[in-house]
Amino acid sequence: MQKSTALAVTALTLALTALTAPAAHAADGGQWLPAFNNPAWKPDASLALTGSRIGPGTGPDANAWGLDLNFNCGLMQTPDQRIRSHLNLTHSSKNGTSVTGFEVSPRYTVPLGDGLSAGVGPSVGAFQVSTPGNDRTLLGVGAAAGMNYRAGALYTGFDIRYHATTSRSGVDYDPLTFGAKVGINF
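An account of the accompanying structure is given in this report.

## Here we look at the side chain of Glu103
- Looking at the element boundaries, Glu103 is found in strand E6 (residues 97–113).
- Classification of Glu103 by relative accessible area gives buried; the value is 3%.
- Only 2.5 Å separates the side chain of Glu103 from the side chain of Arg161, close enough to count as a polar contact.
- If near-sequence neighbours (up to four positions away) are discounted, Glu103 is found in contact with His86, Leu87, Asn88, Thr90, Ser123, Val124, Gly125, Phe127, Arg161 and His163.

Below, the structure is given as structure tokens:
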């Protein structure tokens, strides 16, 4: 329990730190609802298949597969279009326990040159945990960071994400996810 609390505090601190830079930047010309208010806004989307290793903190580690859809955030944006929203859908199954997760993570992204970028931000998620005789949906908050490479139609990257979740009826799940992805840019 203390480990989960310490990781949750760390994740929350990282998330708040990640929000400070774009919030300060947004104060100097940022936009609210650019998808509706800015005719020049474009989603610039990418879709990728993911493979992940999940260390839930409780129970066995598991491999997972899924999808990552990311795009320029349409709710809040910096003048130089640096906030990208990541939607992740993952599924894992091991030793009679299956987990399906849905995560949303707006990330402040910094271009590093030649199609390479790094991003960090807060993350929220819902995790459907199914064990023999016990199915629960757990909500979680955390942080996410990643490196992405975009060149023409090719999209690839690596992520690390952590969520501290609620605990219900004896079901606990605090996933630390390391993932790789490959897909296409639209």
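## Focus on the nonpolar core
- Among the nonpolar cores identified, the biggest contains 8 residues, and these are Ile54, Ala64, Val99, Phe127, Val129, Leu138, Val171 and Tyr173.
- With residues up to four places along the chain from it excluded, the contact list for Leu138 reads Gly125, Ala126, Phe127, Val129, Thr165, Thr166, Ser167, Arg168, Val171, Asp172 and Tyr173.

## Considerations on unusual backbone geometry
- A positive phi is found at Leu33, a non-glycine position, where the angle reads about 55°.
- With respect to the helices and strands, Leu33 occurs in the loop between strand E1 (31–32) and helix H2 (34–37).
- Its identity is not glycine, yet Asn95 carries a phi of approximately 50°, on the positive side.
- Looking at the element boundaries, Asn95 is found in the loop between strand E5 (83–94) and E6.
- Note on Asn95: relative accessible area 65%, which makes it exposed.

## Thoughts on the pattern of salt bridges
- All told, the structure shown has 7 salt bridges when counted by the stated rule.
- Of the charged contacts, one joins Arg161 and Glu103 as a salt bridge, the two residues approaching to 2.5 Å between their closest N and O atoms. In this pair, Arg161 sits in strand E9 (residues 154–165) while Glu103 sits in strand E6, placing the two residues 58 residues apart along the sequence. Glu103 matches Arg161 in its accessibility class, with the two residues each being buried.
- One connected set of salt bridges, linked through shared partners, spans Asp68, Glu103, Arg107, Asp159, Arg161 and Lys181.

## Structural notes on the pairing of E6
- Note: E5 against E6, 12 bridges, orientation antiparallel. Across the sheet, Thr90 pairs through a bridge with Gly101, a residue of E6.
- Linkage of E5 to E6, two consecutive antiparallel strands, is achieved through a turn of 2 residues, within which Asn95 is found at a positive phi near 50°.
- Bridge count between E6 and strand E7 (residues 116–131): 12 bridges; the pairing is antiparallel. By the bridge assignment, Glu103 is partnered in E7 with Gly125.
- In this structure, the hairpin formed by E6 and E7 is closed by a connection of 2 residues, where Asp114 is found at a positive phi of approximately 50°.

The rules we used
Residues numbered from 1 in each chain as written. Predicted model: local features only at pLDDT ≥ 70, side-chain atom pairs only at ≥ 80, totals over all residues. Heavy atoms only, no water. Helix = DSSP H or I, 4+ residues; strand = E, 2+ residues; numbered from the N terminus. Buried < 20%, exposed > 50% of the residue type's maximum accessible area, 1.4 Å probe, protein only. Polar contact = N/O pair within 3.5 Å; in protein donor to acceptor, adjacent residues only side chain to side chain. Contact = heavy atoms within 4.5 Å. Core = buried A, V, L, I, M, F, W, Y, C linked by side-chain atoms within 4.5 Å. Salt bridge = Lys/Arg side-chain N within 4 Å of Asp/Glu carboxyl O. Pairing = 2+ DSSP bridges.

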